[in-house]
Each structure stands twice: as structure tokens, then as C-alpha cells.
Amino acid sequence: MSTMTSFLARRTVVSTLCAAAACALLVAAPAAQAADNYPSKPVKLIVPFAPGGSTDIVARVVAEGMRASLGQSVVVDNKAGAGGLLGTETIAQSAPDGYTIGMATVSTATVNPSIFTRAAKLEGKLVPVVKLVTVPSVYMVHPSMGVKDFQGFMAKVKAKPGDYSVGVPGIGTLGHLMMASFNETLKTDIQIVPYRGNGPALNDALAGMVQVMADQLPSAMPHIKGGKLVPMVLAADRRVSELPDVPTFKELGHADLNELGMSWFGLVVPAGTPAPIIKRLQDAAVSALRSPDVQGRLKTLGATAVEMDQSKFALQIAADLQRNKALLDKLNELRLQPGRATDRQHVAHVRQLQAASKARKPRLEPAAEASAARTRDGGYSAGVCHVGPAFGRSR
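All values reported here derive from a predicted model rather than from experimental measurement.

Novice: Break down the packing of helix α2 (residues 54–70) against helix α11 (residues 275–289) for me, with residues and values.
Specialist: Relative orientation of the contacting elements α2 and α11 amounts to 115°, with a least axis distance of 8 Å. For the pair α2 and α11, the sense of crossing is right-handed. Of the residues in α11, those touching α2 at Val-62, Gly-65, Met-66, Ser-69 and Leu-70 are Arg-280, Leu-281, Ala-284, Ala-285, Ser-287, Ala-288 and Leu-289. In the contact of α2 with α11, the residues fall into 8 nonpolar, 3 polar and 1 charged.

Novice: I'd like a rundown of the sheet that holds strand β9 (residues 230–235), residues and numbers included.
Specialist: Ordered in space as β7-β6-β8-β5-β9, the 5 strands form an open sheet in which the pairing is mixed. The sheet terminates laterally at β7 (191–194) and β9, the two strands that pair on one side only. Within the sheet, the average angular offset between the axes of one strand and its neighbour, ignoring direction, is 30°. Across 5 bridges, strand β5 (residues 137–141) lies against strand β8 (residues 212–216) in antiparallel orientation. Opposite Tyr-139, over in β8, you have Ala-214 as the bridge partner.

Novice: So what's going on with the pattern of salt bridges? Which residues, and what values?
Specialist: Where side chains of opposite charge bring their charged atoms close, a pairing between them can arise. Summed over the entire model, instances satisfying the criterion amount to 9 salt bridges. Notably, a salt bridge pairs Glu-64 with Arg-67, separated by 3.6 Å at the nearest N-O pair. Of this pair, Glu-64 and Arg-67 both sit in helix α2, 3 residues apart, which is roughly one turn of that helix. The exposure class of Arg-67 is partly exposed, given its relative accessible area of 38%. Here Arg-118 makes a salt bridge to Glu-89, at a shortest N to O gap of 2.6 Å. Of the two residues, Arg-118 sits in helix α5 (residues 117–120) while Glu-89 sits in helix α3 (residues 85–92), which places them 29 residues apart along the sequence.

Novice: Lay out the side chain of Thr-248 with the relevant residues and their values.
Specialist: By the secondary structure assignment, Thr-248 is in the loop between β9 and α10 (255–261). We classify Thr-248 as buried; its relative accessible area is 2%. Contacts of Thr-248, omitting those with residues within four sequence positions, involve Val-233, Leu-234, Ala-236, Arg-238, Arg-239 and Asn-258.

Novice: Account for the sheet that holds strand β2 (residues 74–78), with residues named and values stated.
Specialist: Across the sheet, which stays open at both edges, the 6 strands sit in the order β2-β1-β3-β10-β4-β11 with mixed pairing between neighbours. On the outer flanks of this sheet lie β2 and β11 (304–305), each paired with one strand and no other. Direction of pairing for strand β4 (residues 126–135) relative to strand β10 (residues 263–270): antiparallel, over a ladder of 8 bridges. Paired with Val-135 across the strands is Ser-263, a residue of β10. Contacting β1 (43–47), β2, β3 (100–105), β4 and β10, α2 runs over the sheet at an angle of about 160° to β2.

Novice: How would you sum up the environment of Thr-105? Please name residues and give values.
Specialist: Note on placement: Thr-105 falls in strand β3. Residues Thr-105 and Leu-267, 162 residues apart in the sequence, show an inter-C-alpha distance of 8.8 Å.

Novice: So what's going on with the layout of surface pockets? Which residues, and what values?
Specialist: In this model, the largest pocket occupies a volume close to 920 Å³. Of all the secondary structure elements, the ones that give two or more residues to the lining of the largest pocket are α2, α4 (106–110), α7 (174–186), α8 (198–206), β8, α9 (217–225) and β10. For the lining of the largest pocket, the element with the highest residue contribution is α8, accounting for 4 residues. Its residues placed into classes, the lining of the largest pocket shows 18 nonpolar, 20 polar and 6 charged. Reported here for the second largest pocket is a volume of approximately 500 Å³. Surrounding the second largest pocket, 21 residues form its lining, Ala-109, Pro-113, Leu-122, Glu-123 and Ile-317 being those nearest its centre. Ranked by residues supplied to the lining of the second largest pocket, first place goes to helix α13 (residues 313–333) with 4 residues. Partitioning the lining of the second largest pocket into residue classes produces 16 nonpolar, 4 polar and 1 charged.

Calculation rules
Residues numbered from 1 in each chain as written. Predicted model: local features only at pLDDT ≥ 70, side-chain atom pairs only at ≥ 80, totals over all residues. Heavy atoms only, no water. Axes fitted to C-alpha atoms, helices over the stretch in contact; angles between N-to-C directions. Helix = DSSP H or I, 4+ residues; strand = E, 2+ residues; numbered from the N terminus. Left-handed = near helix turned anticlockwise from the far one by under 90°. Contact = heavy atoms within 4.5 Å. Nonpolar A, V, L, I, M, F, W, Y, C, P; charged D, E, K, R; others polar. Pairing = 2+ DSSP bridges. Salt bridge = Lys/Arg side-chain N within 4 Å of Asp/Glu carboxyl O. Buried < 20%, exposed > 50% of the residue type's maximum accessible area, 1.4 Å probe, protein only. 1 Å grid on protein atoms, 1.4 Å probe; cavity = no way out; pocket = protein on both sides within 12 Å on 5 of 7 lines; lining within 4 Å. Points joined across faces, edges and corners; volume = space filled by probe spheres on them.

Structural data, given as C-alpha cells:
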């Protein structure tokens, strides 16, 4: 190759690289400018559950705390449905510009992907921003059950296996998983009754139609303080000051139940959100969590602000997802075959509860509609869920 030809070839390559670099700068400039000006309008925070639940309560406390750092309002938008799937899909499908962020929970991030095929398809479409709080769960009974502590509760349910019922927010939800694990670990036979959401389940627990309920502490505390439900045991790092006489599963020697019942909430954004915007949101959230006012409000709810290396949040999600999938698979292997007498008894029990509540307002998900519910709510992964005792009764 002649010197002139070589020179022209090098010149062509350099020109091409310069042109590519110039194009990249032109594309990057608006994104960088947008990040520098962020946020220039209110930010929407999607909560994938109904108002009044623990996720919603914590989201509103943190959103108010983030306002000071961001200089803009953070507006909570509740999009409930399908165990948090609908709201989570909305977050993932939003523009990656930082103006739509979302709440992630143990349930939406580490249970649903093993239950809903649509949830599994969201892998890689959400980016963890910050882990906000950990929240204990409390297992409660209706006062009519006549027990005051965990020992009395266990004696009663073991003396009458199958006579007591627990309401859970839906098939395959974290609440369902918690109670199925409770039955399996402690060898109890509490009938698991799936509802369409935590609110309806809690309503029937307050009315005594189901005798047992496990719920996150922030939404349960008002009913405990009002004497409408009696706390038996906590899934928590330690006893909480508001319930000093209630032990934790850890104290009672059931560390796995304790870990499973400890919920966390965090923030996520759609994949593709610029890194500077993610950092801005992360800093605003951490600043809010360190605020004495926010910490005080969280404490009254029984929630604890998280102090951690936020780069580890994604690793925790992956670890929890693996743990919960293994647990779901184990419980599914232990399930009873359809048509057994105990299955029929359970379905009859559920329908009896439906008939009793019909005069007020139908709330229960009919056992006969399980297949339709799977399709309607996004489709369960094959073989994971089964209506009735097959998913959670002791064998």
C-alpha cells in the first residue's frame, strides 16, 4: 500500500470515529442536560397496592420526606391488582426519565416472578434504586378465639386441627406463603382462605369470619391497639416497643419463619433511566430516611429505616427470589392431589364462608374460579399454586 493510500485510509478511519463521537455527544447532551435539570416537575410514585396498606403508608411517609431534597412533590399513585403485578408492570412500561418511579416489595420482586408468568417477563425491565425500610409482620387472632399468647394459640389450633381459618391476600401471595410455611413448620392445620387482596381478608378477620390473620405491622397496629385483634407472634429482628410482650419467631426457635415474615420496601425505576437521575433519587431517599421526622413516623408504624450499601440491594433481591422460589417448589411438592377428602372439606369450608359473607359483600375468591383467576390475574407458572389445603396444610 502506498504512503498516500495509507494516509487516506487512516484519515477516513479518524473521520469516521470523530463523526461517531460527535453523534454520541449530540445524543448524550440532551440526556445530560435533562439529568442536570432533574426534577423540573413533580415525580409520580406508583404503589402497586391499594391505599391504606403498609406499602402505601410507608410510601407516603418517604415521598413527603423526599420533597425537601428534590425540590418537587413526589405524588403517590395507587395502581392495585393481581398481587401487585399491575402496578409493577406500569412502572416497568413507563418512560425512563425519572418522573415515574415505583415501590418494590418482597412480594412483587421476589414472590410474583415465581407465580405470575407476566411478572417473570419483567426481569431486566426494572432497576433497583434504594432499599427503604424493613417491616415486621405480626400474626394475630380474633378475640373470640379466647387466647392471649402464642402458647395458648398453638394449644388451641393443635387441639382442633382444621377448625380454624386464616385469611390471606390471594393465592401465591407472600401472606399465603407465610401461612403455608407456618403450617408446614409447626405441623398445624389452619385452613388457608384466599381473598382478593389484603383489605377484604383483614375485614373478615376483624369480623371473626376467619380467626387468624398475618399482616405487616404498620397496617395491623391500629386494630391491635383498638383491641379488635390480638397479637400472638412477630416476624421481626427484635421485639417492638409497642408490643413488648409479643415474642418473635426467632426467640421461639423458628429463624426461617422469622426471615420469611420480615418484609422490605424499596424504590425501583424503569430500565434505561439515566444513572445521574438514579443517583439523585437514591440520595433524596437516603436523606429522607435520615430525617428525624421521617424516622419518628416510621417508628410509630413499626418500620425501620435501612442503613446499607445500596449497591447490595440488587443482590438481596436475587437472594430472596431464589429462597422464595425454592420454598414455593418445596410446598408444591408436598401438596395433596385434587379430589382427596381434605380438599373437598376445604372447598366446602371456603364456600361456607362465602355464603356467610354474601349478605355484606362478596369478598372471597371462589375456589371453583381458580383456573379463571390464574388467567385473569396474569397466569400462574404451571404447577406452583393450588387452591385449598394442598398449598399449605400439614401432612
